[in-house]
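Fold and contact review
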Amino acid sequence: MINSISKITLVVLVLIVLTSDSALAADWPYWRGPNRNDHVSEESGWTGSKWPLKDAWNTEVGEGSSTPIVVGRQLITMGFRDGKEIVTSLDAESGKPLWLQSYDAPRWGRYAVGDQGLYFGPTASPEYDPETGFVYSLGCDGELACWNAKQKGKVVWRKNLYEVYHMKQRPGEGDRNRNQRDYGYICAPLVYHDWLLVETGGDAGTVCAFDKKNGKQIWISQHKNFAGHSGSPIVMSVDGVPCLALLTFREFLVMRLDKGHEGETLGTYDFPSAYANNLLTPTVIGDKVLLGAYHSFGKTNHPTTHLVQVTSAGIKKLWEQPVSSHLCSPVVANDRIYIAGPELYCLDWNTGETIWKGAGFNYGASIVLTSDERLIVLGNRGKLRLVETGDHEIKQYKELAVRETLTRDDIWSHVVLANGRLFCRDVRGRLVCLKVGM
């Protein structure tokens with residue numbers, strides 16, 4: 001009898017583990033995935049001769065470019081419809097609605113200027129907190145909200161960043177602001193311990209830390225500048241000190257997060273773009289960070305990628321190469337860097353030199369690196385490509401398979417791979433799910 005009870009207890013414990021930590025590892029709970037670097041623990045599904053992808057479901061979630069997050073059975077994303085921003089939760093396996101919350105909002109941020117025919121609706125990816133089960137969303141007009149995903153999206157707290165922090169319209173770069181762009185708030189919030197870190201700008205600071213449970217302001221950053229347009233900040237360690245790294249309006253910024261020094265500037269690195277559009281999320285590897293912009297600001301106005309090293313003494317450039325993407329943050333694996341747009345580039349980590357390049361991905365490209373070391377690349381209004389990494393094919397681009405998903409509108413959202421399913425979304429709000437494997 002005791003032995004039987006022990007076996008039952010063991011089975012229960014195994015089930016608990018399988019439905020908690022390992023399940024979260026297969027989820028996509030944050031911007032750029034479970035590790036915030038576009039690496040996933042799942043395989044690509046490549047059989048050696050074909051890439052079996054099965055159409056599972058599709059639906060409409062409202063206009064916008066908010067990348068979905070996936071937590072267990074819930075897929076959560078944002079959209080805009082009929083004068084409201086919508087936070088939607090769907091069953092990730094079937095696409096059936098689970099819950100929906102909405103509030104009045106404009107189609108663009110209140111000071112929007114430039115590219116309004118391309119970008120509209122919410123853009124920031126939601127953020128999930130596994131400790132509380134809360135989901136955080138940020139609309140283009142600065143509506144920051146906390147929802148309880150365990151209680152059908154019940155609102156926990158809300159505030160509008162424009163109204164609280166009086167963010168003004170962003171200026172442009174160059175003569176007479178002719179390169180001016182303002183897309184509103186598009187940077188995903190980030191949970192760090194008990195804080196929700198948000199790039200606010202305005203009268204406060206570049207970044208504000210809020211109590212993640214009630215939304216009360218905890219601290220504001222020493223650095224003050226206009227909010228940038230990048231995907232999200234990222235946490236890194238600098239000489240053992242926890243720090244927050246992000247691309248702001250005109251520079252790369254690193255600030256401290258340790259007790260007693262919260263929000264203090266550790267260092268800055270000038271990094272302006274021609275349209276004041278620092279869109280790519282910094283990619284952190286140890287004390288080194290990859291920065292990229294498709295329209296660097298200068299006489300040549302060319303794409304540029306910089307590798308910088310961050311220490312307590314400051315930030316220094318290690319190399320620079322005239323290669324980058326409009327939206328795709330660099331993905332790094334085994335001393336190789338992968339950037340999609342306008343071609344897929346494989347660069348050497350140590351020098352930045354191009355090892356190979358191939359195909360074309362237009363503006364809105366994104367990459368996922370699978371556990372079997374292959375790249376899933378989304379671009380060209382919904383074309384998915386499966387590509388070997390530099391470990392398998394050192395000298396040249398090698399495409400294994402290609403699949404059309406969405407074809408009618410631009411795609412600015414990131415492709416998502418979670419729990420054996422691929423999710424692709426276009427700016428008009430069409431969301432498709434493909435099941436990976438046989």
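Keep in mind that this is a model prediction, so the values were computed, not measured.

Quick notes on empty space enclosed by the protein
Tallied over the full model, the rule gives four cavities of 30 Å³ or more. Its boundaries defined by the atoms lining it, the largest cavity holds a volume of some 410 Å³. Taken together, 35 residues line the largest cavity, and the ones lying closest to its centre are Thr 123, Ile 186, His 229, Leu 327 and Trp 412. Grouping the constituent residues of the lining of the largest cavity by class yields 15 nonpolar, 16 polar and four charged.

Here we look at the sheet that holds strand β26 (residues 366-369)
Taken together, four strands build an open sheet; the order of strands is β26-β27-β28-β29 and the sheet is antiparallel. Either end of the sheet is taken by a strand with one partner, and the two such strands are β26 and β29 (399-404). Strand-to-strand twist across the sheet, computed as the mean angle between neighbouring axes with direction ignored, equals 20°. Here six bridges tie strand β27 (residues 374-379) to strand β28 (residues 383-388), and the two strands are oriented antiparallel to one another.

A closer look at the sheet that holds strand β11 (residues 195-199)
With antiparallel pairing, four strands are arranged side by side in an open sheet as β10-β11-β12-β13. At either end of the open sheet lies a strand with only one pairing partner, and these are β10 (190-192) and β13 (217-220). Within this sheet the neighbouring strands show an average axis-to-axis angle of 30°, counted without direction. Relative to β11, β10 runs antiparallel, the two being bridged by three bridges. Looking at the pairing, Leu 190 lines up with Leu 197 of β11.

Thoughts on the layout of surface pockets
As a volume, the largest pocket reaches approximately 330 Å³. What lines the largest pocket is a set of 21 residues, among which Tyr 119, Asn 277, His 295, His 326 and Tyr 363 lie closest to the centre. Here the lining of the largest pocket is composed, by residue class, of twelve nonpolar, six polar and three charged.

Thoughts on the side chain of Asp 348
With respect to the secondary-structure elements, Asp 348 resides in strand β24 (residues 344-348). One buried charged residue, Asp 348, remains without a salt bridge, the closest side chain of opposite sign being Arg 336 at 4.1 Å. Within the structure, Asp 348 has its side chain in polar contact with the backbone nitrogen of Thr 351 (distance 3.1 Å). When neighbours within four sequence positions are excluded, Asp 348 is seen to be in contact with Trp 319, Asp 335, Arg 336, Ile 337, Glu 353 and Ile 355.

Brief notes about the pairing of strand β31 (residues 421-425)
The buried count for β31 comes to five of five residues, which makes it a mostly enclosed element. Residues Arg 421, Phe 423 and Arg 425 line one face of β31 and the alternating positions Leu 422 and Cys 424 line the opposite face, and both faces are buried. Where strand β30 (residues 416-418) meets β31, three bridges bridge the pair, whose relative direction is antiparallel. Across the sheet, Leu 417 pairs through a bridge with Leu 422, a residue of β31. Between β30 and β31, which pair antiparallel one after the other, the connecting turn spans two residues, and Asn 419 there sits at a positive phi close to 50°. Direction of pairing for β31 relative to strand β32 (residues 430-436): antiparallel, over a ladder of five bridges. Residue Phe 423 lies in a different strand from β32, and its bridge partner there is Cys 433. A loop of four residues connects β31 with β32, the two strands running antiparallel in sequence, and Gly 429 in this loop sits at a positive phi of about 105°.

Let's talk about the pairing of strand β25 (residues 354-358)
On a regular strand, one side chain projects to one face of the sheet and the next to the other, so that they alternate. In the sheet, β24 pairs with β25 via four bridges, with the strands oriented antiparallel. Each bridged residue has a counterpart across the sheet, and for Cys 346 the counterpart in β25 is Trp 356. Connecting the antiparallel pair β24 and β25 is a turn made up of five residues, with Gly 352 showing a positive phi of about 80°.

Considering the environment of Pro 97
Looking at where Pro 97 falls in the secondary structure, it is placed in strand β5 (residues 97-104). For the pair Pro 97 and Tyr 345, spaced 248 residues apart in sequence, the C-alpha to C-alpha distance is 38 Å.

A look at the packing of aromatic side chains
For any pair of aromatic rings, the description rests on two quantities: the centre-to-centre distance and the angle between the ring planes. Applying the stated criterion to the full structure yields 13 aromatic pairs. Relative to Trp 147, the ring of Tyr 103 lies with its centre 6.4 Å away and its plane at 10°, an arrangement referred to as stacked. Linking Tyr 103 in strand β5 with Trp 147 in strand β8 (residues 143-148), this pair joins segments that are 44 residues apart in sequence. Here Tyr 103 falls in the buried class, since its relative accessible area comes to 4%. Geometrically, the ring pair formed by Tyr 111 and Tyr 162 is edge-to-face, given 5.5 Å between the ring centres and 85° between the ring planes. One end of the pair, Tyr 111, is in the loop between β5 and β6 (127-129); the other, Tyr 162, is in helix α3 (residues 161-165), and 51 residues separate them in sequence. Residue classification places Tyr 162 among the buried positions, given a relative accessible area of 5%.

As for the environment of Gly 48
Looking at the element boundaries, Gly 48 is found in the loop between α2 (21-26) and β1 (53-60). In this structure Gly 48 comes out as exposed when scored by relative accessible area, which is 56%. Separated by 237 residues in sequence, Gly 48 and Ile 285 place their C-alpha atoms 31 Å apart.

Brief notes about the environment of Lys 213
Position of Lys 213 relative to the elements: it lies in the loop between β12 (207-211) and β13. Among the residues examined, Lys 213 registers a relative accessible area of 46% and is labelled partly exposed. Separated by 23 residues in sequence, Lys 213 and Leu 190 place their C-alpha atoms 13 Å apart. With residues near it in sequence (within four places) discarded, Lys 213 still touches Glu 131, Thr 132, Phe 134, Val 156 and Trp 157.

Some details on the pattern of salt bridges
Oppositely charged side chains can pair when the atoms bearing their charge come close. Scanning the entire structure with this criterion turns up 24 salt bridges. Close ionic contact of Asp 287 with Lys 288 constitutes a salt bridge, the shortest N to O distance being 3.4 Å. Exposure remark for Asp 287: the relative accessible area of 26% places this residue in the partly exposed category. Of the residues examined, Lys 288 reaches a relative accessible area of 24% and is grouped as partly exposed. One salt bridge in this structure joins Glu 343 and Lys 357, with 3.8 Å as the shortest N-O distance. Residue Glu 343 is found in the loop between β23 (336-340) and β24, and its partner Lys 357 is found in strand β25; the two are separated by 14 residues along the sequence. Linked through salt bridges whose partners overlap, the residues forming this network are Glu 63, Arg 107, Asp 409 and Arg 428.

Reading the values: rules and limits
- Residues numbered from 1 in each chain as written.
- Predicted model: local features only at pLDDT ≥ 70, side-chain atom pairs only at ≥ 80, totals over all residues.
- Heavy atoms only, no water.
- 1 Å grid on protein atoms, 1.4 Å probe; cavity = no way out; pocket = protein on both sides within 12 Å on 5 of 7 lines; lining within 4 Å.
- Points joined across faces, edges and corners; volume = space filled by probe spheres on them.
- Nonpolar A, V, L, I, M, F, W, Y, C, P; charged D, E, K, R; others polar.
- Pairing = 2+ DSSP bridges.
- Helix = DSSP H or I, 4+ residues; strand = E, 2+ residues; numbered from the N terminus.
- Axes fitted to C-alpha atoms, helices over the stretch in contact; angles between N-to-C directions.
- Buried < 20%, exposed > 50% of the residue type's maximum accessible area, 1.4 Å probe, protein only.
- Lys, Arg positive; Asp, Glu negative; His and termini not counted.
- Salt bridge = Lys/Arg side-chain N within 4 Å of Asp/Glu carboxyl O.
- Polar contact = N/O pair within 3.5 Å; in protein donor to acceptor, adjacent residues only side chain to side chain.
- Contact = heavy atoms within 4.5 Å.
- Phe/Tyr/Trp six-rings, centres within 6.5 Å; stacked < 30°, edge-to-face > 60°.

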